[in-house]
Amino acid sequence: MTQGSIRVLFFGAAADRAGVREAEVSADVATLDELWPLVEQQHPDLSPMRGTLAFAVNGEYARGGDRVSPGDEVAVLPPVSGG
Amino acid sequence: MAGSFAIVEEPIDVGGLVSAAQRPDCGAVSTFVGTTRIDESDEASVEYLEYEAYRPMADRKLEEIGAEIEERWDARHVSIVHRIGRVDPGEASVAIVVASPRRGPAFEASRYAIERIKEVVPIWKREVWSDGYVWVGSQVGTRS
């Protein structure tokens, strides 16, 4: 991974829509809300799902205003359907 | 509290989980097993389910559910095992085993565990039908 970039992981239907399982975003963003438009720009097919998605930062659920930093792992999580 | 929490890629040994939960201070072992069901619609039917997980977050969430159960009930042994990958019809995708001195807490805690799994554990299932697939909960897929 490039130093200073954020690693974005996609799962389930989000991986399907994005067409990849992971991406890198190297930009100066401070929160998830600032990161999302860049992810969407790379993978516009995710846009219709936005309202259903949850996020995790470094393996724990996070909200839009939560901080993200270079080196973090951000996961894009569709509605879970285990069981 | 004894027990185990795991995400596995092979068939779940439900009998082994139940045996491991039996103990002299408990009069109840409650077991929930979620299995793959064949749904049908018009001309098509489900052929199998395929699960994927975000690890290790999913592993940690299973352990957290165990800790929540320990706070709420007198559970002496809790095992939660979720399978990922392809799961064929009738096979177990998840097994929950709770041992408690009495049946009430054992039933309640095992019910709680499956409901929490469906709320917070980052695991997803894809139904693979004879005419395409669909991600459950997202309705994204290739079925017409």
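Conventions we followed
Residues numbered from 1 in each chain as written. Chains lettered and ligands numbered in written order. Predicted model: local features only at pLDDT ≥ 70, side-chain atom pairs only at ≥ 80, totals over all residues. Heavy atoms only, no water. Helix = DSSP H or I, 4+ residues; strand = E, 2+ residues; numbered from the N terminus. Rg over C-alpha atoms; globule rule 2.2 N^0.38 Å. Buried < 20%, exposed > 50% of the residue type's maximum accessible area, 1.4 Å probe, protein only. Contact = heavy atoms within 4.5 Å. Areas by Shrake-Rupley, 256 points an atom, 1.4 Å probe, with all protein chains shown as cover. Lys, Arg positive; Asp, Glu negative; His and termini not counted. Charge placed at Lys NZ, Arg CZ, Asp CG, Glu CD. Expected span 1.5 Å × (residues − 1). Buried area = accessible area lost by both parts, 1.4 Å probe. Salt bridge = Lys/Arg side-chain N within 4 Å of Asp/Glu carboxyl O. Pairing = 2+ DSSP bridges.

(A) Region of interest: the overall build of chain B. The helix and strand inventory of chain B stands at 3 helices and 10 strands. Overall, chain B shows an N-to-C arrangement of helices and strands of β-α-β-β-β-α-β-β-β-α-β-β-β. Relative to the compact-globule value of 15 Å for 144 residues, chain B shows a C-alpha radius of gyration of 16 Å, a close match. Every one of the 144 residues in chain B was classed for burial, and the buried ones make up 49%. The long-range share in chain B, meaning contacts at least 24 apart out of those at least 6 apart in sequence, stands at 74%.

(B) How the structure looks around the overall build of chain A. A count of helices and strands for chain A gives 2 helices and 5 strands. Mapped in sequence order, the helices and strands of chain A form the string β-α-β-α-β-β-β. The principal-axis extent of the C-alpha atoms belonging to chain A is close to 35 × 25 × 20 Å. Going through the 83 residues of chain A one by one, you find that 47% of them count as buried. Sequence separation of at least 24 residues holds for 50% of the intrachain contacts in chain A that already meet a minimum separation of 6. Summed over all atoms, the accessible surface of chain A reaches about 3,900 Å², with 46% contributed by carbon and sulfur. Separation between the mean location of the 6 positive side-chain charges and that of the 12 negative ones in chain A comes to 5 Å.

(C) Spotlight on helix α3 (residues 103-120) of chain B. Its 18 residues place the ends of α3 of chain B 26 Å apart at the C-alpha level, agreeing with the 26 Å of an ideal helix rising 1.5 Å per residue. Residues of α3 of chain B that are buried: Ala106, Ala109, Ser110, Tyr112, Ala113, Ile114, Ile117 and Val120 of chain B. Buried residues in α3 of chain B make contact with β4 (60-62) of chain A together with β2 (28-35), α2 (57-72), β5 (77-83) and β7 (92-100) of chain B.

(D) Quick peek at the interface of chain A and chain B. Chain A puts 21 residues into the contact, and the matching count from chain B is 27 residues. Roughly 1,900 Å² of surface becomes buried between chain A and chain B when both sides are summed, with 52% attributable to carbon and sulfur atoms. It is Val80, Ser81 and Gly83 of chain A in chain A that bury the most area against chain B; as a group they hold 30% of the surface buried on that side. Measuring nitrogen to oxygen at the nearest pair gives 3.0 Å for the salt bridge that ties lysine 61 of chain B to glutamate 60 of chain A.

(E) Spotlight on the pattern of salt bridges. Residue and element names in this part refer to chain B. Considering all chains together, one arrives at 17 salt bridges over all chains under this definition. Across the pair arginine 111 and glutamate 115 runs a salt bridge, and its minimum N-O distance is 2.7 Å. Of this pair, arginine 111 and glutamate 115 both sit in helix α3, 4 residues apart, which is roughly one turn of the helix.

(F) Structural context of the pairing of strand β4 (residues 44-53) of chain B. All names here are of chain B. Burial within β4 is extensive, with 7 of its 10 residues counted as buried. As defined by bridge partners, strand β3 (residues 40-41) adjoins β4 across 2 bridges and the pair is classed as antiparallel. Paired with serine 41 across the two strands is alanine 44, which belongs to β4. Note that β4 and strand β6 (residues 85-87) share 3 bridges and pair antiparallel. Residue pairing for β6: glutamate 50 is matched across the bridge by arginine 86.

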